[in-house]
Amino acid sequence: MFVKALGTGGAELRPLEPWQAGEFFAHMERGREFIGQHIGFADAAGDLESARRLLQGYADKAASDTGRIFGIWLEDELVGGVLFRVMDIPQGRAEVGCWLEPAATGRGLVTQASKVLIDWAIRERGVHRVEWLVSSANAPSIAVARRLGMTRDGVLRSYFSHRGVRQDLEVWSVLAPEWES
């Protein structure tokens, strides 16, 4: 296991594993409505067993090299995370995602953690394209994509339904040569 410091405020990035399902579920309970405004992740971890299944799914993805999930801890409390929702190493493509509970916003934690993941994917794994898919209504997440130096590739109009409402999906990306420069 590794621990990566995020800035100077005592925040850490660590792998998030199935044995931490209780802590993950408690975190989701604290931030469920805030997190769930734009992403289905909060709804997918509606109880302890579904939280465990979600984390096990990412453990399985890590074992098959198709995804990974990491938690962001602040003062030893899980407050959010970042993940590779999709990793297609043969195609050189990965999709980064994130979430954060309200108490941890405004500290740059997601931006810092995402930089760690993108840097690893490009420099260590040879990924050529890293994507960021986000609801057009999710302004904070779009701001992170901009801070990461991503380019908005386009908008998929009325692409998905979230909590019964059709949503536009923005596609942002950064290519390896852009990241390295």
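Quick notes on the rules
- Residues numbered from 1 in each chain as written.
- Predicted model: local features only at pLDDT ≥ 70, side-chain atom pairs only at ≥ 80, totals over all residues.
- Heavy atoms only, no water.
- Core = buried A, V, L, I, M, F, W, Y, C linked by side-chain atoms within 4.5 Å.
- Buried < 20%, exposed > 50% of the residue type's maximum accessible area, 1.4 Å probe, protein only.
- Helix = DSSP H or I, 4+ residues; strand = E, 2+ residues; numbered from the N terminus.
- Contact = heavy atoms within 4.5 Å.
- Pairing = 2+ DSSP bridges.
- Axes fitted to C-alpha atoms, helices over the stretch in contact; angles between N-to-C directions.
- Salt bridge = Lys/Arg side-chain N within 4 Å of Asp/Glu carboxyl O.

A. Layout of the nonpolar core. Counting 35 residues, the largest nonpolar core has Leu13, Ile72, Val82, Ile118, Val130, Trp132 and Met150 as its most contacted members. Looking at this core element by element, the count peaks at seven residues for helix α4 (residues 109-123). Residues contacting Ile118, with those up to four places away along its chain left out, are Val96, Val130, Leu148, Met150, Val174 and Trp179. Counting 18 residues, the second-largest nonpolar core is a separate cluster that includes Ala21, Trp73, Leu78 and Leu83.

B. Inspection of the sheet that holds strand β7 (residues 151-162) at higher detail. Read from one edge to the other, the open sheet built from eight strands follows the order β1-β2-β3-β4-β5-β6-β8-β7, with strand pairing classed as mixed. Whereas interior strands pair on both sides, the edge strands pair on one side only; in this sheet they are β1 (4-6) and β7. Neighbour to neighbour, the strand axes of the sheet diverge by 30° on average, direction disregarded. Two strands pair when backbone bridges link them, and strand β5 (residues 93-100) and strand β6 (residues 129-135) are joined in this way by three bridges, in the parallel orientation. Bridge pairing links Arg93 to Arg129 in β6.

C. Here's a closer look at the pattern of salt bridges. A complete count under the given rule lists 17 salt bridges for this structure. With a closest N to O distance of 3.8 Å, Glu77 and Arg30 form a salt bridge. One end of the pair, Glu77, is in strand β4 (residues 77-88); the other, Arg30, is in helix α1 (residues 21-36), and 47 residues separate them in sequence. The exposure class assigned to Arg30 is partly exposed, which follows from its relative accessible area of 39%. A network of salt bridges, in which partner residues are shared, links Arg93, Arg129, Glu131 and Asp153.

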